Amino acid sequence: MAFLRFLVAAVSAAIFLCNTAQAESPAQNLVYFFPGTAIALQDGDIVLTDTPKLSSTLIRQLGNPTGKYSHAAVFIEFPDGTSKLVGFSDHGVKESDPNKYLSKSTRLGLVRPLVKPPMGRLANSFAQLSKRSLVFDFDMRWPSVESNKTYCAGFISQLFRMSGPPESDPYKNPIDYKQAFWDDWALHQLGLSLSHIVSPNAVLTDAHFKLLGEYQTQDKQQNIDHWIVETTFQTLMHYIEQDQLTIAPIKLGSRLALQLSKMGLMEDMDLLNMPEQRLKVFIPMWEYSEMVKARVNRLIFINEDQDWDEKSVRALTKSVADYYRDNYFVSPKHK
């Protein structure tokens with residue numbers, strides 16, 4: 001009987017110790033796969049994204065270099081066994097569940113460094129950097145490691161520079177370049193120099209990084225919205241560069257939008273804290289883009305029996321954009 005009591009006690013102790021060890025051990029890393037592939041995300045992977053918004057399209061079309069993507073985040077594995085996609089925007093530092101993050105974007109690109117920072121370095125650098133009082137830099141200047149003013153690509157550059165060798169930095173200090181017309185336009189209309197901006201697409205031209213995969217959402221409405229916003233902006237650029245039109249003076253409705261944005265009451269608008277000179281241009285552009293998108297989506301809804309492929313959506317968008325042109329663009333002599 002004594003032996004039986006001893007055996008029961010030993011088994012109970014073993015179970016207790018096993019459960020205690022499991023409770024104290026760090027959680028096991030979940031595996032996250034890039035959509036549409038069997039590629040598992042790894043520490044240091046950069047995820048490029050784009051969404052159907054005017055602000056995103058501006059970054060894609062006017063950044064250095066231009067490309068498909070308007071934002072970047074980095075996948076980091078933390079010492080407690082968790083993994084997050086982390087990034088920075090005008091809303092501050094953001095840590096996201098990878099699956100939720102990957103499901104929200106219409107376009108995705110996965111880029112992997114050929115020379116990775118040692119395991120744990122990015123997590124340590126993120127802990128240090130996120131403790132700072134970081135401020136979004138609306139001029140999007142490449143930041144020093146010590147800078148408290150940064151933006152999405154600059155933030156990731158800071159993390160990598162704090163974590164590894166120089167070649168592991170995906171967003172290096174840019175060499176000035178010129179988009180002759182648009183650099184001049186942005187300087188005079190927005191008070192913004194494009195020549196020093198490093199866009200999220202820069203990593204795609206860096207030999208120390210490899211593009212592993214790209215993904216386009218299968219959600220039809222998201223794709224339609226993307227085609228609409230992109231085509232509207234391309235049409236807008238044509239008005240300004242080729243037709244030599246200027247954005248019309250801000251209207252009463254746009255002035256109201258400007259005041260609402262300052263009060264933080266326009267939740268759907270991005271970059272609300274940008275300089276007022278920029279807002280006075282951005283808000284009429286945003287209003288124009290929203291008017292076109294609403295009308296195109298309504299016409300598609302009314303004619304839902306038609307096969308709305310990319311070509312037909314873009315053609316309709318161009319037609320609607322032309323319809324609203326004179327409400328938002330004027331010849332300089334009539335300004």
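Residues numbered from 1 in each chain as written. Predicted model: local features only at pLDDT ≥ 70, side-chain atom pairs only at ≥ 80, totals over all residues. Heavy atoms only, no water.

### Details of the side chain of S96
Link 1 in the chain: The residue S96 is located in strand β4 (residues 92-96) in this model.
Link 2 in the chain: Apart from residues lying up to four places away in sequence, S96 is in contact with K84, L85 and Y101. (Helix = DSSP H or I, 4+ residues; strand = E, 2+ residues; numbered from the N terminus. Contact = heavy atoms within 4.5 Å.)

### Focus on helix α6 (residues 180-189)
Link 1 in the chain: When we look at burial in α6, the residues that qualify are W182, D183, W185 and A186. For α6, the angular spread of the buried residues around the axis is 165°, confining them to a single face. Exposed side chains of α6 directed beyond 90 degrees from the buried face belong to A180 and H188.
Link 2 in the chain: Buried positions along α6 lie against α2 (54-62), α7 (220-241), β9 (246-247) and α9 (276-302).
Link 3 in the chain: Following α6 by one or two positions, G191 has its phi on the positive side, about 65°. (Buried < 20%, exposed > 50% of the residue type's maximum accessible area, 1.4 Å probe, protein only. Arc of directions from axis to C-beta.)

### Concerning the environment of S125
Link 1 in the chain: Position of S125 relative to the elements: it lies in helix α4 (residues 121-129).
Link 2 in the chain: A relative accessible area of 3% means that S125 is categorised as buried.
Link 3 in the chain: C-alpha of S125 to C-alpha of F160: the two residues are 35 residues apart in sequence and 8.1 Å apart in space.
Link 4 in the chain: Beyond its immediate sequence surroundings of up to four residues, S125 is in contact with L159, M162 and S163.

### Notes on the pattern of salt bridges
Link 1 in the chain: Tallying each qualifying case throughout the model produces 17 salt bridges.
Link 2 in the chain: Two residues, D206 and K172, come together in a salt bridge whose shortest N-O distance is 2.5 Å. You can see D206 sitting in the loop between α6 and β8 (209-216) and its partner K172 sitting in the loop between α5 (152-163) and α6, a full 34 residues away along the chain.
Link 3 in the chain: On the basis of relative accessibility, which here comes to 32%, the residue K172 falls in the partly exposed class.
Link 4 in the chain: Shared partners join several salt bridges into a network, and the residues in it are D50, R60, R107, E230, E310 and R314. (Salt bridge = Lys/Arg side-chain N within 4 Å of Asp/Glu carboxyl O.)

### A few points about the pairing of strand β2 (residues 71-77)
Link 1 in the chain: Burial of β2 is extensive: six of the seven residues sit out of reach of the surface.
Link 2 in the chain: Bridging between strand β1 (residues 46-50) and β2 involves four bridges; their strand directions are antiparallel. Residue pairing for β2: V47 is matched across the bridge by A73.
Link 3 in the chain: Turn length for the β2-strand β3 (residues 83-89) hairpin, with the two strands adjacent in sequence and antiparallel, is five residues, and the turn residue G81 shows positive phi of about 95°. (Pairing = 2+ DSSP bridges.)

### Some remarks on the sheet that holds strand β5 (residues 107-113)
Link 1 in the chain: Spatial strand order, β4-β3-β2-β1-β5-β8: six strands in an open sheet with antiparallel pairing. At either margin of the open sheet sits one strand with a lone partner, and together these are β4 and β8. With direction set aside, neighbouring strand axes in the sheet form an average angle of 25°.
Link 2 in the chain: Packing of α5 onto the sheet brings it into contact with β1, β2, β3, β4 and β5, and relative to β2 it is tilted by some 30°. (Axes fitted to C-alpha atoms, helices over the stretch in contact; angles between N-to-C directions.)

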